[in-house]
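The chain contents come next:
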Amino acid sequence: MHEMPPVKHWLVFWETALSRKHPTGVPTDLLGGSAKELTPDEQTALDNLFRTGTEYATRVREEFPDVKLVYGNGHPSFIGTLLEKGYPADMIDGFGLDFDLFLAMPELQPSPLHCPFAGLYHLKRFQEMYGYEEKPRYLTEAIYSAQTEGWLTEREQADYYVRSHLLGMASGVVHFGMVTELWDPGSDFFYSHYGPVGLCHRAPELNPRESFCAYSTMTRMLDMAVFDSVLDMGSTSVYGVRFEREQ
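So, how was this worked out
Residues numbered from 1 in each chain as written. Predicted model: local features only at pLDDT ≥ 70, side-chain atom pairs only at ≥ 80, totals over all residues. Heavy atoms only, no water. Helix = DSSP H or I, 4+ residues; strand = E, 2+ residues; numbered from the N terminus. Polar contact = N/O pair within 3.5 Å; in protein donor to acceptor, adjacent residues only side chain to side chain. Contact = heavy atoms within 4.5 Å. Pairing = 2+ DSSP bridges. Axes fitted to C-alpha atoms, helices over the stretch in contact; angles between N-to-C directions. Parallel < 35°, antiparallel > 145°, perpendicular 65-115°, else oblique. Nonpolar A, V, L, I, M, F, W, Y, C, P; charged D, E, K, R; others polar. Salt bridge = Lys/Arg side-chain N within 4 Å of Asp/Glu carboxyl O. Buried < 20%, exposed > 50% of the residue type's maximum accessible area, 1.4 Å probe, protein only. Left-handed = near helix turned anticlockwise from the far one by under 90°.

> Could you give me a rundown of the side chain of Thr140, with the residues and numbers involved?
You can see Thr140 is positioned in strand E4 (residues 137-141). A distance of 2.7 Å separates polar atoms of two side chains, one belonging to Thr140 and the other to Asn73. Ignoring sequence-local partners within four residues, the contact set of Thr140 consists of Leu11, Val70, Asn73, Gly96, Leu97, Asp98, Gly177 and Met178.

In structure tokens, the structure reads:
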């Protein structure tokens, strides 16, 4: 790492879980109960991850004092367990989230594992419950909406990308990293649901989609603006958000 160009944000734990079952369902401590009781194997995994995480963070603090350590990019329930067990706050600079979007509307809430903005809500509630509320939240891999024949239209992809970023900012996201793609991948990835997700088509043309124009307009309109409030739209599924900017 000393030989690499400087990177300011490092992820700790990438799509990590204590077991296949641990991430499923709404965390019971968010429902007013106690945290899920861990199985012996889950407890062993947690002890190992707790030890390696703190040892890693300690060394980073010593050798790379300017680096920000962001935890997560995976299941909020894993982060919640770390916080419930008292992971050292001074080794945490923020929390990250990876979520699926693909062909779903950003406002849609199909299930705890696949509804993106419920995941941000879970992170916020865990932070409040266990005393880490001052730590910022990041999207560290997210918002991939595939546009091709039979999937989303160009207009639908553009709408989803804009609405996702607006909802993310309204949910307290301070940085969008590895979110969408500038252009489609040129490998076999293109033929998967991670493929035709770019703001531009694949090389060598790199011709822009409608989402390129929509993203450009969004960033121009929101330059130096901050989230202010949610507007009452008279609907349980349509969200209006207000941003303000100093004149």
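> Requested: an account of the sheet that holds strand E1 (residues 9-14), with residues and values cited.
The parallel open sheet is built from 5 strands, whose spatial order is E1-E2-E3-E4-E5. Strands with a single pairing partner mark the edges of an open sheet, and in this sheet they are E1 and strand E5 (173-176). Strand-to-strand twist in this sheet, taken as the mean axis angle between neighbours without regard to direction, amounts to 30°. In terms of strand pairing, strand E2 (residues 68-74) meets strand E3 (residues 94-98) through 4 bridges, oriented parallel. Paired with Gly72 across the strands is Gly96, a residue of E3. Helix H1 (residues 40-63) rests against E1 and E2 of the sheet, and its axis sits at about 150° to E2. Of the strands in this sheet, E3, E4 and E5 are in contact with helix H3 (residues 116-130), which crosses E3 at around 155°.

> Provide a residue-level description of the packing of helix H2 (residues 76-84) against H3, including the pertinent values.
As a packed pair, H2 and H3 sit with axes 9 Å apart at the nearest point and diverge in direction by 5°. Here H2 lies roughly parallel to H3, going by the angle between them. Note on element contacts: H3 touches H2 through Gly119, His122, Leu123, Phe126, Gln127 and Tyr130, opposite Pro76, Ser77, Ile79, Gly80, Leu83 and Glu84. In the contact of H2 with H3, the residues fall into 6 nonpolar, 5 polar and 1 charged.

> An account of the pattern of salt bridges is requested, with residue identities and associated values reported.
Inspection of every chain in the model, using the stated rule, returns 9 salt bridges. Arg61 is the partner of Asp93 in a salt bridge, and the nearest nitrogen-oxygen pair spans 3.1 Å. Of this pair, Asp93 sits in the loop between H2 and E3 while Arg61 is found in helix H1, placing the two residues 32 residues apart along the sequence. A residue is classified by how much of its surface remains accessible, and Asp93, at 18% relative accessible area, is buried. Note on Arg61: relative accessible area 25%, which makes it partly exposed. With a closest N to O distance of 2.8 Å, Glu107 and Arg163 form a salt bridge. With a gap of 56 residues between them, Glu107 in the loop between E3 and H3 and Arg163 in helix H4 (residues 154-170) connect regions that are remote in the sequence. Exposure remark for Glu107: the relative accessible area of 15% places this residue in the buried category.

> Can you explain the environment of Val179? Please cite residues and give values.
Take Val179: it is sitting in the loop between E5 and strand E6 (181-183). Sequence-distant contacts of Val179, defined by excluding residues within four places in its chain, comprise Leu139, Ala142, Ile143 and His165.

> I'd like a description of the packing of H4 against helix H5 (residues 210-221), backed by residues and values.
One can describe the packing of H4 onto H5 by two numbers: an axis separation of 8 Å at closest approach and a directional angle of 25°. One finds that H4 runs roughly parallel with respect to H5. For H4 against H5, the interelement crossing comes out right-handed. Packed against H4, whose contacting residues are Glu154, Arg155, Gln157, Ala158, Tyr161, Val162 and His165, the element H5 presents Glu210, Ser211, Ala214, Tyr215 and Met218 at the interface. For the contact of H4 with H5, the class distribution of residues is 6 nonpolar, 3 polar and 3 charged.

> Residues and numbers for unusual backbone geometry, please.
With omega at 10°, the peptide bond leading from Ala203 into Pro204 counts as cis. Relative to the helices and strands, Pro204 is located in the loop between strand E7 (198-200) and H5. Although it is not a glycine, Asn73 adopts a positive phi angle of roughly 55°. Mapped onto the elements of the fold, Asn73 is located in strand E2. By relative accessible area, Asn73 is classed as buried at 0%. Notably, Phe102 is not glycine yet its phi reads approximately 50°, a positive angle. With a relative accessible area of 16%, Phe102 lands in the buried category.

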